[in-house]
Amino acid sequence: MNIGGLDIATVTGAAVMQDGVITTETLAFKGPKKKFLDDEKAPALDANEMGKVFDWFERSIRIWLVTNKLEHVAIEEPLRTDFARKKAVVDTSSTWAGKAVRYEEKGGINLKTIFKLHGLEAIACRVCAQLNIPVMFVNQATWRAKFLGNGRPKDAKGEAVKMCRRLGIEITTVDSAESAGIVWFLDQHLNPYSHRRANDLFAEKPLTKAQLQIKEAEKLFKTSA
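Residues numbered from 1 in each chain as written. Predicted model: local features only at pLDDT ≥ 70, side-chain atom pairs only at ≥ 80, totals over all residues. Heavy atoms only, no water.

Undergrad: Whenever I open this one, the packing of aromatic side chains confuses me. Can you help?
TA: For any pair of aromatic rings, the description consists of the separation of the ring centres together with the inter-plane angle of the planes. Within this structure, the stated rule accounts for 5 aromatic pairs. Look at Trp 56 and Phe 57: their rings are 6.0 Å apart centre to centre, the planes differ by 50°, and that puts the pair in the tilted class. Three or more aromatic residues joined by ring pairs form one cluster here, namely Phe 29, Trp 56 and Phe 57. (Phe/Tyr/Trp six-rings, centres within 6.5 Å; stacked < 30°, edge-to-face > 60°.)

Written out as structure tokens, the structure is:
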């Protein structure tokens, strides 16, 4: 069974697991960015730019799904947009002990990022539906708990990179490392009794490319003998 994992962002990590081997790649839009004059301000949302990015992403995801003959896909759950955080602000003009601290509510994610991320995620789901490929969302803490043994590590991205290196998974970016963790989770979700955590001493680990080549060579040797 061929399965895939996507860490969708401005730069998207894409991982495929085939016969226990995980391979990764990075999908990034390389089109020219629109330039503005010194007295012009770039709009928060540029419909033309978004249209080009979405068109490119739809074609790229379709090619990725078809080329790898994927049968199941997992996507990291979309970011929440209904939250706000409190930021401490120091008022130096206050006469109380020379300063005063007050808290202001700040939005978590800017509009452009929200629009782009949700648009890309919707496109990925749509293409999967068109190709009749089952797809699911997985919360980042959930797949990290399976892959890293900790759902909320201090340096989650760094830990994903380290885990890929331990397992012999070749990566191109941090995003591709996280996509490897997502496809690892999907494999365990579909086959719950065949694996343990990635950092479990006795866990089954995917074969590296070198190990797979040795295995194939051994098969050929036995056949010829």
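Additional details are given in the paragraphs that follow.
Undergrad: I tried to follow helix 3 (residues 140–148) on my own but got confused; where do I start?
TA: Residues separated by three or four positions in an α-helix point in the same direction, a consequence of the helix having 3.6 residues per turn. Residues of helix 3 that are buried: Ala 141, Trp 143, Arg 144, Phe 147 and Leu 148. Projected onto a plane normal to the axis of helix 3, the buried residues spread over an arc of 165° and lie on a single side. Buried residues in helix 3 make contact with strand 4 (72–76), strand 7 (135–138), helix 4 (156–167) and helix 5 (174–190). Phi turns positive one or two residues past the end of helix 3, at Gly 149, with a value near 85°. (Buried < 20%, exposed > 50% of the residue type's maximum accessible area, 1.4 Å probe, protein only. Helix = DSSP H or I, 4+ residues; strand = E, 2+ residues; numbered from the N terminus. Arc of directions from axis to C-beta. Contact = heavy atoms within 4.5 Å.)

Undergrad: Before we go on, may I ask you to explain the packing of helix 3 against helix 4 in this structure?
TA: Direction vectors running N to C along helix 3 and helix 4 enclose 40°, while the axes themselves pass 11 Å from each other. As for how helix 3 packs across helix 4, the hand of that crossing is left-handed. Contacts between helix 3 and helix 4 involve Arg 144, Phe 147 and Leu 148 on the former and, on the latter, Ala 156, Glu 159, Ala 160, Met 163, Cys 164 and Leu 167. The residue inventory of the contact of helix 3 with helix 4, partitioned by class, reads 7 nonpolar, no polar and 2 charged. (Axes fitted to C-alpha atoms, helices over the stretch in contact; angles between N-to-C directions. Left-handed = near helix turned anticlockwise from the far one by under 90°. Nonpolar A, V, L, I, M, F, W, Y, C, P; charged D, E, K, R; others polar.)

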